[in-house]
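An overview of the molecular structure
The residues making up each chain are set out below.
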Amino acid sequence: MITVRKIVKKATLLGEMGFNKGGGNINWFPGHMAAATRAIRDRLKLSDLVIEVRDARIPLSSANEDLQPMLAGKRRVIALNKKDLANPNIMHRWIHHFDSHKQDCLSINAHSKSSVKKLLDLVEFKLKEVISREPTLLVMVVGVPNVGKSALINSIHQTASARFPAQEKKKRATVGPLPGVTQDIAGFKIAHQPSIYVLDTPGVLVPSIPDIETGLKLALAGSVKDSVVGEERIAQYLLAVLNTRGTPIHWKHLTNRETESLHRESDDNPNYNLQNLLPKWRKPPSSKSDVHYIEDITTEVKRALCTTLLEFSGNLEDEDDLGCLIDQQFEALQKALKIPHKASEARTIVSKKFLTLFRTGKLGPFILDELPLTYGPVS
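These figures come from a predicted structure and were not determined experimentally.

1. Observations regarding the overall build of the protein
- Across its full length, the protein carries 14 helices and six strands.
- Counting over 379 residues, the protein shows a buried share of 53%.
- Expressed as a percentage of contacts within the protein between residues at least 6 apart in sequence, the contacts between residues at least 24 apart total 76%.
- Roughly 18300 Å² of accessible area belongs to the protein as shown, and the carbon and sulfur atoms make up 50% of that amount.

As structure tokens, then:
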């Protein structure tokens with residue numbers, strides 16, 4: 001398979017992206033997260049089980065490497081969240097990969113009651129041997145930013161409230177769209193006899209990114225703020241991944257579809273700006289016409305990427321040729337997204353909307369990490 005490593009490691013990109021070659025400090029590591037890391041280490045020593053939440057689209061890249069040595073000595077369940085955005089045809093291989101290393105792993109959707117129930121069942125099963133001798137058990141939820149820890153905590157609270165005896169009302173963990181939104185470690189009781197407490201922790205991103213591609217994957221998944229890397233660079237990386245994998249070719253059937261509905265809806269919504277493609281907890285589309293418009297825009301975007309790739313005569317393994325293709329695709333995306341050519345920040349607007357389509361699953365389910373060819377130790 002063609003790799004994008006040559007592209008992302010170009011010397012001209014290293015400085016612009018804010019990463020250092022061979023690793024180094026990323027310029028986004030708030031002070032409250034450094035303090036939270038210390039608090040997490042203290043609580044890890046007391047915890048009976050750890051739920052490590054990762055993004056199912058980046059099962060390895062979303063691991064918090066800084067905490068792995070401590071996690072290895074704990075009862076742990078790796079929860080691959082956002083499975084609805086990950087390729088289901090490959091997910092089972094990742095589960096097998098972790099299972100083969102004796103690491104309990106479960107793909108989940110933090111907003112799904114059935115997913116959360118399966119996770120709680122596994123947690124209780126792993127705690128059975130401790131329940132008989134400990135009056136109070138602590139469960140920690142950890143992970144890098146924006147993998148869905150707070151959403152999972154809220155769902156666990158709702159599910160546990162229905163399953164266990166009534167208890168006093170507890171404050172739910174704060175949920176937000178930006179990395180690092182939960183700024184303090186909080187906990188609440190989810191069960192009696194024995195008492196089981198789930199502790200919510202802020203996501204702590206490793207201060208050192210091991211390599212450029214890992215940093216870009218984290219940025220694309222939303223675990224690093226867009227402003228750190230830049231929306232355009234993240235969009236370039238996404239286009240490089242799609243092209244080298246040949247993904248747009250699978251959208252060839254769309255090139256012959258009629259576009260009447262697109263023209264009709266665009267007339268009805270001339271100023272529509274894809275705001276309704278934000279995560280589910282935000283206000284839903286106001287009307288069916290908005291939904292249809294989004295679907296039509298998605299089709300246009302897929303058609304544009306497919307057409308440009310089919311017409312491409314260069315070598316995808318050549319970074320200069322791939323760069324030229326990506327530039328052409330930016331122009332095609334600008335037309336597909338109906339962004340005026342004279343817009344002063346057209347490329348940035350294109351990038352933001354294109355990334356929104358990817359992050360909301362409109363371009364399809366993906367797993368960005370490559371499954372290890374050889375089964376060595378995994379994070």
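2. Side note on the environment of valine 142
- As for its position among the elements, valine 142 is in strand 4 (residues 136-142).
- On a C-alpha basis, the gap between valine 142 and leucine 67 in space is 9.4 Å, while along the polypeptide they are 75 residues apart.
- Among residues more than four places away in sequence, those in contact with valine 142 are Ile40, Val50, Ile51, Glu52, Val53, Leu71, Lys149 and Thr201.

3. Examining the pairing of strand 1 (residues 49-55)
- Judged by how many residues are buried, strand 1 sits mostly within the fold: seven of seven residues are covered.
- Relative to strand 4, strand 1 runs parallel, the two sharing four bridges. Note on strand 4: the bridge partner recorded for isoleucine 51 is valine 141.
- As paired elements, strand 1 and strand 2 (residues 76-81) share six bridges and run parallel to each other. The partner of arginine 54 across the bridge, within strand 2, is leucine 80.

4. Structural notes on the pattern of salt bridges
- Counted under the stated rule, the structure contains twelve salt bridges.
- Between glutamate 52 and arginine 76 there is a salt bridge whose closest N-O contact spans 2.7 Å. Of this pair, glutamate 52 sits in strand 1 while arginine 76 is found in strand 2, placing the two residues 24 residues apart along the sequence. The pair glutamate 52 / arginine 76 is uniform in exposure class, with both members buried.
- Two residues, arginine 347 and glutamate 232, come together in a salt bridge whose shortest N-O distance is 2.5 Å. Here the residue arginine 347 occupies a position in helix 14 (residues 346-359), and glutamate 232 occupies one in helix 10 (residues 231-245), the gap between them amounting to 115 residues.
- Here glutamate 232 falls in the partly exposed class, since its relative accessible area comes to 29%.

5. So, helix 13 (residues 319-336)
- Its 18 residues place the ends of helix 13 25 Å apart at the C-alpha level, agreeing with the 26 Å of an ideal helix rising 1.5 Å per residue.
- Those residues of helix 13 lying buried are Leu322, Leu325, Ile326, Gln329, Phe330, Ala332, Leu333, Gln334 and Ala336.
- At the N-terminal end of helix 13, a side-chain oxygen is found 2.9 Å from the backbone nitrogen of aspartate 320, two or three residues along, and the residue is aspartate 318.
- Backbone geometry just after helix 13 places lysine 338 at a positive phi near 60°.

6. A closer look at the packing of helix 8 (residues 212-221) against helix 10
- For the pair helix 8 and helix 10, the least separation of the axes is 10 Å and the interaxial angle reads 105°. If you check the angle between helix 8 and helix 10, you find them roughly perpendicular. For the pair formed by helix 8 and helix 10, the contact residues are Glu213, Leu216, Lys217, Ala219 and Leu220 on the first element and Ile234, Tyr237 and Leu238 on the second.

7. Brief notes about the packing of aromatic side chains
- Scanning the model with the defined rule gives two aromatic pairs in all.
- Their ring planes at 40° and their centres at 5.6 Å tell us that phenylalanine 358 and phenylalanine 366 sit as a pair that is tilted.
- Judged by relative accessible area, phenylalanine 358 falls into the buried class, the value being 4%.
- It is arginine 347 that lies over the ring of phenylalanine 330; its NZ or CZ is 3.9 Å from the centre.

8. With respect to the environment of proline 88
- Locating proline 88 in the fold gives a position in helix 5 (residues 88-99).
- What makes proline 88 exposed here is its relative accessible area of 56%.

9. A few points about the pairing of strand 6 (residues 195-200)
- Counting buried residues in strand 6 gives five out of six residues, a clear majority hidden from the surface.
- Pairing analysis gives six bridges linking strand 4 to strand 6, with the strands arranged parallel. Within strand 6, the position partnered with valine 139 by the bridge is valine 198.

10. Points about helix 6 (residues 113-131)
- In the structure, helix 6 departs most strongly from a straight axis at phenylalanine 125, where the bend amounts to approximately 30°.
- Of all the positions in helix 6, only Ser115, Val116, Leu119, Leu120, Leu122, Val123, Lys126, Leu127 and Val130 are classed as buried.

11. A few points about the packing of helix 10 against helix 13
- Packing of helix 10 against helix 13 leaves a shortest axis separation of 10 Å and a crossing angle of 110°. In terms of their interaxial angle, helix 10 and helix 13 are classed as roughly perpendicular. Crossing hand, helix 10 versus helix 13: right-handed. Residues Glu232, Ala235, Gln236, Leu239, Ala240, Asn243 and Thr244 of helix 10 lie in contact with helix 13, whose contacting residues are Leu322, Leu325, Ile326, Gln329, Phe330 and Leu333.
- The class makeup of the residues in the contact of helix 10 with helix 13 is eight nonpolar, four polar and one charged.

Definitions and cut-offs
Residues numbered from 1 in each chain as written. Predicted model: local features only at pLDDT ≥ 70, side-chain atom pairs only at ≥ 80, totals over all residues. Heavy atoms only, no water. Helix = DSSP H or I, 4+ residues; strand = E, 2+ residues; numbered from the N terminus. Buried < 20%, exposed > 50% of the residue type's maximum accessible area, 1.4 Å probe, protein only. Contact = heavy atoms within 4.5 Å. Areas by Shrake-Rupley, 256 points an atom, 1.4 Å probe, with all protein chains shown as cover. Pairing = 2+ DSSP bridges. Salt bridge = Lys/Arg side-chain N within 4 Å of Asp/Glu carboxyl O. Expected span 1.5 Å × (residues − 1). Polar contact = N/O pair within 3.5 Å; in protein donor to acceptor, adjacent residues only side chain to side chain. Axes fitted to C-alpha atoms, helices over the stretch in contact; angles between N-to-C directions. Parallel < 35°, antiparallel > 145°, perpendicular 65-115°, else oblique. Phe/Tyr/Trp six-rings, centres within 6.5 Å; stacked < 30°, edge-to-face > 60°. Lys NZ or Arg CZ within 6 Å of the ring centre and 35° of its normal. Bend = angle between axes of the 7 residues up to and from the residue. Left-handed = near helix turned anticlockwise from the far one by under 90°. Nonpolar A, V, L, I, M, F, W, Y, C, P; charged D, E, K, R; others polar.

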